[in-house]
Amino acid sequence: MSNDSTNEESAEAETAEASDFLRDQIRADLAAGTYGGRVKTRFPPEPNGYLHIGHAMSICLNFGLAQEFGGECNLRFDDTNPEAESEEFVRAIVEDVEWLGFESSDTIYYASDYFDQMYSWAEDLINKGLAYVDDLDSETMSEMRGGFTTPGQNSPFRERSIEENLDLFRRMKAGEFADGERVLRAKIDMNHENMQMRDPVMYRIRNTPHHRTGDTWAIYPNYDWAHGQEDAIEGVTHSICTLEFDNNRELYDWYQNNIDLPFEKPNQYEFARLNLTHIVTSKRKLAQLVADGVVNGWDDAAMPTIRGVRRRGYPASAIRAFCSHIGVAKTNSVREIELLESFVRDELNATALRRSGVLRPLKVVIDNYPEGQVEMLTAANHPNDESLGVRDVPFTREIYIEREDFEEDPPPKYYRLTVGREVRLRYGYFITATDVVKDAEGNVVEVRATYDPETSGGQAPDGRKVKSTIHWVSASEAVDATVVLYDRLFTDEHPGSGDTDPLDSLNADAKEVLEGAKLEPSMAKIAAGEVVQFERLGYFAHDLDQPMLFHRTVGLRDEWARLQKRKK
RNA sequence: UGGCCGGUAGUUCAAUUGGUGGAACGCCAGAUUUUGAUUCUGGAGGUCGUGGGUUCGAUCCCCGCCCGGCCAACCA
């Protein structure tokens, strides 16, 4: 069972009856025939970094909506700022979107493919007297923009003639000027109550090669001037972005209303981005984790990036189910990371094969079992799904059990092994602990036990019951593995809230590396990326690159641990 | 400080489009169980931000206030 598997059917079923402000809007548009029955969305990342779990929400939303209403969703790179962007990020983003289970028609779109069209529209605006070249430096421009309660002032260059503007703009394009020397601005209203409307910059000069257009351009469009036009060119109907672009909507509309659109005008809608407790999604902070060596890179299993959670073993289908469950709203919110984990558990519980693995081994010698004998026991691959079959696990005189499954001095309600007590070995025999062997410091290093040959298969002929079933692995047949346990990356539920630095609450124990784990022999053949359940412990993902390295995706619900915790 | 968006169980979202509110996760208890898992059943938990107004009646309409978020890059 690969964690690369996707599940389109359930993705559709989950959203079938969903209703929210976006779906209501789309239904209304469909009913009114606004776009001739077309629904087209887009997911428009800037290729300047890796996608994180927060982006998954936007991806699921845009692609999901299109799928749900029989429309299309374009994967479009908003590559309008050559300084931060690269082909490496383009490749990574395409890969992540596909891994999440979404395929953009067959084309990938780029804002840079529309640079000529945008340029020509900009000249149109100049010709209409709606744009001008400004020579102000950025600080002065900022000062003259005014504030929330103070009006802005017109630039001294605002009233240049159309001819002069055209000439200057063409020379900007031709690369005659240095970076920052001039900009093209929309001529709107320097006293507008919406700051975005105070003569926003449309083009800036950047003598920087672009990862796709090379050095053919010396000017690059700003977000606002680019985005709506990209939407319009592609025939997008519903342009969905996050809440902070709310103020930009008015500008989005203004630009589109002042040029000749190839399609009906798209509309922008804003939703609340996905925030999760105990993580950060700020690119800067994430980059710092990488730079500081806290993690091994953007694809470290502890990272909240798409690549990170993939390595960690989160199934794409679980992420999709999570996104559709939480829905869309305009309320700023932070979801509990536990909710995401419950979706991961849910999916994995249904699909992951069960295996035996001992994380912290304690040797048990079964004195009355023949030395050198290897007996093959049959174990089910899944307790509730017979179609997943069975496999053989070897049983021998010496086995390993989990260190915490034996207590010399058991606390109340402890059901597991202790001297004099009988427990069941999962898929195997009943054993009774008879004695312990200790090292010089008095630590238990070995348990002596006897088994009841009559309990083969885990049932006693006399019907006697045991309080618990524990997992185990043959000492001689086991394979060695390294297992990494993960805790919250940040101890603070809302890292960086208030004026704190999120890195202040970085959890020093977020990763625990267990070197000497012992796994049942079948684990030697496991595929890269596969996720299994080590029974009674949790779900573990085989590393994508390094053999016999496992990441704990998420633990099982643990009543006993909860009980212990409550006592403190 | 001005504009915009939001404020419903612990958390995140629904609903009633004026007739005292549901789900999921979490929590608690029980049943089943060869994973203290899964599954199933039940339970606790809400002055619907706040003060006023309209109304027979307001969580929903109106006004004020409070709280949170976003906006004054030649980033997106």
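Scroll up a little and you will see the structure.
**Observations regarding the packing of aromatic side chains**
Inference 1: One pass over the full model with this rule turns up 21 aromatic pairs.
Inference 2: Relative to Phe343, the ring of Phe322 lies with its centre 6.0 Å away and its plane at 70°, an arrangement referred to as edge-to-face. Here the residue Phe322 occupies a position in helix 12 (residues 316-326), and Phe343 occupies one in helix 13 (residues 337-351), the gap between them amounting to 21 residues.
Inference 3: For Phe322, a relative accessible area of 1% puts it in the buried group.
Inference 4: Three or more aromatic residues joined by ring pairs make a cluster, and in this case those are Phe115, Tyr119, Phe169, Tyr203, Trp217 and Tyr220.
Inference 5: Sitting over the ring of Tyr119, Lys173 keeps its end group 4.6 Å from the ring centre.

**Overview of the pairing of strand 15 (residues 398-402)**
Inference 1: With four of its five residues buried, strand 15 lies for the most part within the structure.
Inference 2: One ladder, built from five bridges, connects strand 12 (residues 361-366) with strand 15; its direction is antiparallel. Bridging from a neighbouring strand, Lys363 pairs with Tyr400 of strand 15.

**Brief notes about the protein's contact with RNA strand B**
Inference 1: Near RNA strand B there are 67 residues, and of these Arg335, Arg354, Arg426, Gly457 and Arg557 occur at the shortest range.
Inference 2: Considering the 4 Å shell around the protein, atoms of RNA strand B inside it are sugar or phosphate in 61% of instances.
Inference 3: In this structure, Arg204 approaches RNA strand B through a side-chain N or O atom, which is 2.7 Å from a phosphate oxygen.
Inference 4: Sorting the residues of the surface near RNA strand B by element identifies helix 6 (138-144), strand 6 (201-205), helix 13 and helix 14 (559-567) as the ones contributing at least two each.
Inference 5: Element by element, the count of residues in the surface near RNA strand B is highest for helix 14, at four residues.
Inference 6: For the surface near RNA strand B, the residue count by class is 19 nonpolar, 24 polar and 24 charged.

**As for the pattern of salt bridges**
Inference 1: Applying the stated criterion to the full structure yields 49 salt bridges.
Inference 2: The residue Asp543 makes a salt bridge to Arg311 at a minimum N-O spacing of 2.9 Å. Here Asp543, found in the loop between strand 24 (538-542) and strand 25 (549-555), pairs with Arg311, found in helix 11 (residues 306-312); they are 232 residues apart in sequence, far enough to count as distant. The burial state of Asp543 is the same as that of Arg311; both residues are buried.
Inference 3: Note that Glu446 and Arg448 form a salt bridge whose closest N and O atoms lie 2.9 Å from each other.
Inference 4: Taken together, the salt bridges that share partners define one network made up of Asp367, Glu371, Arg397, Glu446 and Arg448.

**Re helix 9 (residues 249-257)**
Inference 1: Leu251, Tyr252, Trp254, Tyr255 and Gln256 are the residues of helix 9 that are buried.
Inference 2: Tucked into the core, helix 9 has its buried residues touching helix 5 (115-127), strand 5 (183-186), strand 6, helix 8 (223-234), strand 8 (238-242) and strand 9 (267-271).

**Remarks on the sheet that holds strand 24**
Inference 1: Reading across the sheet, the seven strands line up as 10-23-24-25-21-22-11 and stay open at both edges, with mixed pairing between neighbours. Sheet topology places strand 10 (353-355) and strand 11 (357-358) at the edges, where each strand pairs with a single neighbour.
Inference 2: Here strand 21 (residues 479-486) runs beside strand 25; their pairing, made up of three bridges, is parallel. Bridge pairing links Thr482 to Leu549 in strand 25.

**Regarding a positive patch on the surface**
Inference 1: On the surface, Lys413, Lys467, Arg557, Arg562 and Arg566 cluster together into a patch of positive charge.
Inference 2: Structurally, Arg566 can be placed in helix 14.

**Focus on the sheet that holds strand 16 (residues 422-425)**
Inference 1: Pairing is mixed in the open sheet, where seven strands are placed in the order 19-16-17-18-12-15-20. The strands lining the two open edges of the sheet, one partner per strand, are strand 19 (469-470) and strand 20 (472-474).

**A look at the nonpolar core**
Inference 1: Judged by nonpolar contacts, the single largest core of 53 residues is most densely connected at Val97 and Ile319.
Inference 2: Of all the elements, helix 3 (residues 53-68) adds the most residues to this core, at nine residues.
Inference 3: Among the nonpolar cores identified, the runner-up in size contains 33 residues, and Ala122, Met202, Tyr220 and Tyr255 belong to it.

Calculation rules
- Residues numbered from 1 in each chain as written.
- Chains lettered and ligands numbered in written order.
- Predicted model: local features only at pLDDT ≥ 70, side-chain atom pairs only at ≥ 80, totals over all residues.
- Heavy atoms only, no water.
- Phe/Tyr/Trp six-rings, centres within 6.5 Å; stacked < 30°, edge-to-face > 60°.
- Helix = DSSP H or I, 4+ residues; strand = E, 2+ residues; numbered from the N terminus.
- Buried < 20%, exposed > 50% of the residue type's maximum accessible area, 1.4 Å probe, protein only.
- Lys NZ or Arg CZ within 6 Å of the ring centre and 35° of its normal.
- Pairing = 2+ DSSP bridges.
- Near = heavy atom within 4 Å.
- Polar contact = N/O pair within 3.5 Å; in protein donor to acceptor, adjacent residues only side chain to side chain.
- Nonpolar A, V, L, I, M, F, W, Y, C, P; charged D, E, K, R; others polar.
- Salt bridge = Lys/Arg side-chain N within 4 Å of Asp/Glu carboxyl O.
- Contact = heavy atoms within 4.5 Å.
- Patch = residues over 30% accessible without salt bridge, like charges linked within 9 Å, V, L, I, M, F, W, Y side chains within 5 Å.
- Areas by Shrake-Rupley, 256 points an atom, 1.4 Å probe, with all protein chains shown as cover.
- Lys, Arg positive; Asp, Glu negative; His and termini not counted.
- Charge placed at Lys NZ, Arg CZ, Asp CG, Glu CD.
- Core = buried A, V, L, I, M, F, W, Y, C linked by side-chain atoms within 4.5 Å.

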